[in-house]
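# A closer look at the structure
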Amino acid sequence: MMGVLAIRVLPWIPLLPLALAAAVLPLPARWAGRVALLAPAAVLFLGLPLWPAAAAGGSARLSMPWLPALGINADLRLDHLGAFFVLLIGGIGLAVVQYARHYLKDRGSGRFWAAMLAFMGSMLGLVLSDSLVLLFVFWELTTVTSALLIGMDFEQADARRGAVQALLVTSGGGLALLAGAILLGQLAGTTTLSALEPRGAELVRDPAHALPLALLLVGAFTKSAQFPFHFWLPGAMAAPAPVSAYLHSATLVQGGVLLLARLSPIFGASPLWLPALTAVGLTTFVVAGFQAARAWDLKQLLAYSTAAYLGLLTALYGLHARTGPHGELVAIASHALYKSALFLLVGWLEKATGTRDLGLLRRERWCRAEPVGCALIGVGALALAGAPLVLSFLAKEIFYEAVLAAGPGLAGPLRAAALALALAGSALAVTYALALLAGVLGGEAAPPRGRGTPRRAISGWLLVTPALLLLPQVVGGVAPGLVSAALEPGAARPPAGGVALWHEVDARLALGLAGYALGAAGHLAWRRRAAPPGPLPEGGARDPVAAIVARALAGARWVSRAVQAGGHPRYVAVTLLVAAAAVFVPLVHGARGPAAGGAAALSPSPRVSWLPVAMIVAGALLTLRVRRRVTKVLMMAIAGYGTALLYVLFRAPDLALTQILVETASLLLLLLAFRRLPPLGEDRRPRARRLAHAAVALASAAGASALAWAAGVHAARDPAGAAQVALSLPEAGGRNVVNVILVDFRGADTLGEIAVLALAALGAAALLWAGRGASPGEAP
């Protein structure tokens, strides 16, 4: 366990960026960027001293009361995984903020920096959460803040579309996460992750664990852009290069991977875990890799390759669930570092050349004018391919080892299929990495003058920061054991003796060579493709969402034509039918309680009960027969006063008084309103419409009657009346139980009703004043 200092520091790690987000909002762009540097620097300052103890297996946990009535606390935990992500978010965040200051210059408003720091704080809260409920809160905060960053250039249609698409997909996954957390809490009695881990074997023996697990996995898959949810990630590339580098390589999309890592000790032994994660991960590895190989836009290529690599990580957590951690953190760190560097280099490249179109880049010798940037992109492309002498080669070897050493859950044809998918995904990675290299190194014609930004106007930090991020790739490629031991000192080792720069001739070597050969062949086929004419294609990334949105809008238009085509009778009919359905559905499908007792003692004498019944029936029938509005209102009031008399006979004076007041107020208001209206004309409704209105009226009457009958003959399973009677005097000091319920026990409901009536009165007054101010020939 860590010391008291770690527990005191723990809440400040996410709070400092959130506090600075509020501080930079009113600042001008230049000062906001400088202040923003303090947030990742503070995260590293607080996190680095805690890393040695966390890497050695220590942990710190802080529990703070949050929703005590529901038994939910705000639990934070810093362990090996959490400390790793804290340093990753802080380290890459520092590089991205410094890059963004020089990339955006005066375009980086206080609003941008506030959203960036709010996202950083939300992501830190997510990785430190030890409660699934608190994790969900930070999960949704990352969804909202990332959508704000993607749509920061809201005047651009692509930015708005990408932001809405990312928001819809990831927030939908967040709802699945919340539902899974609630179901898991009901099943296990807690939503605290550290309390669930020791009970994993007990939970997976219960067949009921399948539904919460499936919902939690859906949440993870949407956040990490796994198939079939991978389409939202390329659309989010409308964001500026620093945003893409930070959100879509190192932080936001890693949120789903973090959730899988947290769930692995709990559900790793489930029969659903390994096949679900392996199938989804390897499918994404191939499908997204194929789309990356077909991309001409460099940001789309990197976006699809990100989804593909996240599929690899998903499959890793499925394959290693029963053997303990081995290399996952190395794979996560390797990808986050080189992919964020590549996104930053694409931003620099677009400034330097005026394009990120591979079709144009591969025809021009721009690399001779920018050798440093060219070399850095080359290193990033080697990491993208998993080539030897870079750190990502170690991650690829870990992946091959996991597939080859999979346990009995992946045997026979399933293992052969997994190997085939792994080989295909690795070959596709080589293909699109070579496409990137060809665009950088190739070219026959000199680039045209006047395109891009002059070199002297581009800050050197746009190359320095990606160079620093790529440095671990080179160090890890030369000394892979050093990096692996630093990140995962307690990781389990496979029987072959670990992953190194060179192995004996074995299956891993054969898979690696086959992947390189197939990838090179794919690249040769890619080079024969002609570059697309004109502007870059949008790609198929948005097509699924565009189709879904189009169908949803078409359905909304149909519903609007059906129920909101104008005319108060239609609106009233829809309202009454929905109310009737809301009554009938629970009556038909709901559980019925025991028969109510004691009603006979309250029943009035039959000699007097006919009077209110006669008043109600006569008022209802006469309302249909009379022709004038005022007379109709008076007949309806007779039915209402008959209901009040019925309450008196059943010894409910409070209800009777309320009914009388409501009827009197309604009668006066309607009389005041109707005196300005013209007389009713002849009923010219077609016969079919009259029959439809009669059917609606009968359905509403049947619903109200059924509800009244069910409430009268069936007692509630757990009635609250006795408890409220008992608490009325000692808790609220009132002997009138109805008044105490309205004012104290349900005071918030009463306040809401008063507010609604007040707003309605204000609206009516505004309409009245507007009508008085209108000209005589003008309708109010």
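This is a predicted model, so every value here is computed, not measured.

### Remarks on unusual backbone geometry
What you tend to see is this: most non-glycine residues have negative phi, and most peptide bonds are trans. The amide bond that connects Phe-227 to the next residue, Pro-228, takes the cis arrangement and shows omega of 10°. Within the fold, Pro-228 resides in the loop between helix H12 (210-223) and helix H13 (232-235). Positive phi, close to 55°, is recorded for Ala-225, a residue that is not glycine. Along the chain, the position of Ala-225 falls in the loop between H12 and H13. The buried category is assigned to Ala-225, whose relative accessible area is 0%. Despite not being glycine, Leu-389 shows a phi value in the positive range, around 70°. With respect to the secondary-structure elements, Leu-389 resides in the loop between helix H20 (371-385) and helix H21 (391-404). For Leu-389, a relative accessible area of 52% gives the class exposed.

### Observations concerning the side chain of Asp-297
As for its position among the elements, Asp-297 is in the loop between helix H16 (273-293) and helix H17 (298-319). Taking the relative accessible area as the measure of exposure, Asp-297 reaches 9% and is therefore buried. At 3.0 Å, the side chain of Asp-297 forms a polar contact with the backbone nitrogen of Lys-299. Only 2.6 Å separates the side chain of Asp-297 from the side chain of Arg-356, close enough to count as a polar contact.

### So, the packing of helix H18 (residues 328-353) against H20
Here H18 crosses H20 at 145°, and the two axes come no closer than 10 Å. Classified by chirality, the crossing of H20 by H18 is left-handed. Side by side, H18 and H20 meet where Tyr-338, Lys-339, Leu-342, Leu-345, Trp-348 and Leu-349 of the first sit next to Gly-373, Leu-376, Ile-377, Gly-380, Ala-381, Ala-383 and Leu-384 of the second. The class makeup of the residues in the contact of H18 with H20 is 10 nonpolar, 2 polar and 1 charged.

### Looking at the environment of Pro-17
As for its position among the elements, Pro-17 is in helix H2 (residues 12-24). You can call Pro-17 buried: its relative accessible area is 0%. Separated by 97 residues in sequence, Pro-17 and Ala-114 place their C-alpha atoms 9.1 Å apart.

### Thoughts on helix H23 (residues 461-478)
Between its first and last C-alpha atoms H23 spans 26 Å; for 18 residues at 1.5 Å apiece the expected length is 26 Å, and the two agree. The largest bend along H23 measures about 30° and falls at Leu-469, with the proline Pro-472 one to four residues further on. Taken as a whole, H23 has its buried residues at Leu-462, Leu-463, Thr-465, Pro-466, Leu-469, Leu-470, Gln-473, Gly-476 and Gly-477.

### A word on the pattern of salt bridges
By the definition in use, this model includes 11 salt bridges. Arg-161 is the salt-bridge partner of Asp-158, the closest N and O atoms lying 2.5 Å from each other. Here Asp-158 pairs with Arg-161, and both are found in helix H9 (residues 157-188), just 3 residues apart, close to one helical turn. Given a relative accessible area of 30%, Asp-158 falls into the partly exposed group. With a shortest N-O distance of 3.2 Å, Glu-350 and Arg-356 are connected by a salt bridge.

### Side note on the nonpolar core
Formed by 181 residues in total, the largest nonpolar core has its most connected members in Trp-232, Trp-348 and Phe-399. At 17 residues, the largest contribution of residues to this core is made by H18. If sequence neighbours within four positions are ignored, Trp-348 has contacts with Tyr-99, Trp-366, Glu-370, Gly-373, Ile-377, Ile-458, Leu-462 and Leu-463.

### Regarding the confidence of the model for the protein chain
Residues at a pLDDT of 70 or more form 84% of the protein chain, whose mean pLDDT is 82. Here helix H28 (residues 599-602) stands out as the least confident element of the protein chain, with mean pLDDT 50; H12 is the most confident, with 95. Note on residues 492-499: pLDDT is under 50 here. Beyond four places in sequence and across chains, it has 16 contacts. Scored below 50 in pLDDT, residues 774-780 shows 2 contacts in the model against residues more than four places distant or in partner chains.

Thresholds, definitions, all that
Residues numbered from 1 in each chain as written. Predicted model: local features only at pLDDT ≥ 70, side-chain atom pairs only at ≥ 80, totals over all residues. Heavy atoms only, no water. Helix = DSSP H or I, 4+ residues; strand = E, 2+ residues; numbered from the N terminus. Buried < 20%, exposed > 50% of the residue type's maximum accessible area, 1.4 Å probe, protein only. Polar contact = N/O pair within 3.5 Å; in protein donor to acceptor, adjacent residues only side chain to side chain. Axes fitted to C-alpha atoms, helices over the stretch in contact; angles between N-to-C directions. Left-handed = near helix turned anticlockwise from the far one by under 90°. Contact = heavy atoms within 4.5 Å. Nonpolar A, V, L, I, M, F, W, Y, C, P; charged D, E, K, R; others polar. Expected span 1.5 Å × (residues − 1). Bend = angle between axes of the 7 residues up to and from the residue. Salt bridge = Lys/Arg side-chain N within 4 Å of Asp/Glu carboxyl O. Core = buried A, V, L, I, M, F, W, Y, C linked by side-chain atoms within 4.5 Å. pLDDT = per-residue confidence, 0-100.

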